[in-house]
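Letter by letter, the chains look like this.
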Amino acid sequence: TTFWRYRGRLAGNIVDEIEYQYRTYGVQAVWFIDSLVNGNLKELRAFALGLVERDIKIAWLGYARCDGRMDIEYLQDLKAGGCSVLNLGIESGSQKVLDLMKKNVKLEHVEQNLFDMTKAGIQAHSNWFVGFPGEQPVDMAHTMTLLWRTRNTSLNGWSFTVCNVNPDTPLHNEREKFGMSHGHYAAHWVTEDYTNTIVHRLVRYKTVNILLNH
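Let me sum up the structure you'll find in this document. (Residues numbered from 1 in each chain as written. Predicted model: local features only at pLDDT ≥ 70, side-chain atom pairs only at ≥ 80, totals over all residues. Heavy atoms only, no water.)

## A few points about the packing of helix H2 (residues 41-53) against helix H3 (residues 72-80)
So, point 1. Viewed as axis vectors pointing N to C, H2 and H3 meet at an angle of 40°, and their least axial separation amounts to 8 Å. By the angle between their directions, the pair H2 and H3 is classed as oblique. Remark: the crossing between H2 and H3 carries left-handed chirality. Residues Leu41, Leu44, Arg45, Ala48, Leu49 and Val52 of H2 lie in contact with H3, whose contacting residues are Glu73, Tyr74, Asp77, Leu78 and Ala80.
So, point 2. Looking at the contact of H2 with H3 residue by residue, the classes come out as eight nonpolar, no polar and three charged. (Axes fitted to C-alpha atoms, helices over the stretch in contact; angles between N-to-C directions. Helix = DSSP H or I, 4+ residues; strand = E, 2+ residues; numbered from the N terminus. Parallel < 35°, antiparallel > 145°, perpendicular 65-115°, else oblique. Left-handed = near helix turned anticlockwise from the far one by under 90°. Contact = heavy atoms within 4.5 Å. Nonpolar A, V, L, I, M, F, W, Y, C, P; charged D, E, K, R; others polar.)

Laid out in structure tokens, this is it:
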């Protein structure tokens, strides 16, 4: 929604393609590398149910966003249709930071999705990063608390990195809004008050990895 308009496809069309691969070549797994498989929840559910209806027994996975509308019944339908893993962009355990990112996601929905996916038998992978402008130590504590609370879910992968600022990204174009100094790019940007530097971010990165190692 930042760099291009989200475009979706009809469930039946995708099921047709999958069926051809399944019956012609014996394909047993499909990885959707689109940035978002659940941008249209209605079509995703129809896709999963379409696989069931045509007796296509494949496993599939893809990238998704947390969404409060994906309740346990919805996730059970995805599982019945072969969904094995959803890769979630959780990013942070702080609602304040998620709001600064304009994620339009509520933390309670993140947590509920993870527990419901566990009940439904769907594995989860997750992507996070630390050091977003405006993130404070208390926000880091919220992130680590969320990691701890969801340790017994089907979440079995955590990809962590530090916040980068690359040219033409929203952060790069709104540096003044976030109090970021000009002239520093990628991982080496700093805030004007020097409360967020690469050193701060690396300490936070190391901290969450110590927790994950335990």
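That was the structure; now back to the text.
## Let's talk about the side chain of Asp139
So, point 1. Position of Asp139 relative to the elements: it lies in helix H6 (residues 137-149).
So, point 2. Asp139 gets classed as buried once you look at its relative accessible area, which sits at 3%.
So, point 3. Those residues in contact with Asp139 that sit more than four places away from it in its chain are Ser94, Lys96, Val97 and Gly134. (Buried < 20%, exposed > 50% of the residue type's maximum accessible area, 1.4 Å probe, protein only.)

## A few points about the nonpolar core
So, point 1. Within the largest apolar cluster, 55 residues are counted, with the highest numbers of intra-cluster contacts made by Ile18, Phe47, Trp60, Leu78 and Leu88.
So, point 2. Leu78 has contacts with Leu44, Arg45, Ala48, Trp60, Cys83 and Ile122, leaving out every residue within four places of it along the chain. (Core = buried A, V, L, I, M, F, W, Y, C linked by side-chain atoms within 4.5 Å.)

## Considerations on the sheet that holds strand S5 (residues 155-162)
So, point 1. One open sheet holds the five strands; their spatial order is S1-S2-S3-S4-S5, and the pairing between them is parallel. In the strand order of this sheet, the two ends are held by strand S1 (29-32) and S5, each with one partner. Adjacent strand axes in the sheet meet at a mean angle of 15° when their direction is disregarded.
So, point 2. Here S1 runs beside strand S2 (residues 59-64); their pairing, made up of four bridges, is parallel. Bridge pairing in S2 places Val30 opposite Trp60.
So, point 3. Contacts from helix H5 (residues 107-120) reach strand S3 (83-91), strand S4 (123-130) and S5, with the element oriented near 160° to S3.
So, point 4. Contacting S4 and S5, helix H8 (residues 198-213) runs over the sheet at an angle of about 165° to S5. (Pairing = 2+ DSSP bridges.)

## A word on helix H1 (residues 11-25)
So, point 1. Its 15 residues place the ends of H1 21 Å apart at the C-alpha level, agreeing with the 21 Å of an ideal helix rising 1.5 Å per residue.
So, point 2. Considered for burial, the residues of H1 that qualify are Ala11, Ile14, Val15 and Ile18. Taken around the axis of H1, the buried residues stretch over an arc of 100°, which confines them to a single face.
So, point 3. Where H1 is buried, its residues meet S1 and H2. (Expected span 1.5 Å × (residues − 1). Arc of directions from axis to C-beta.)

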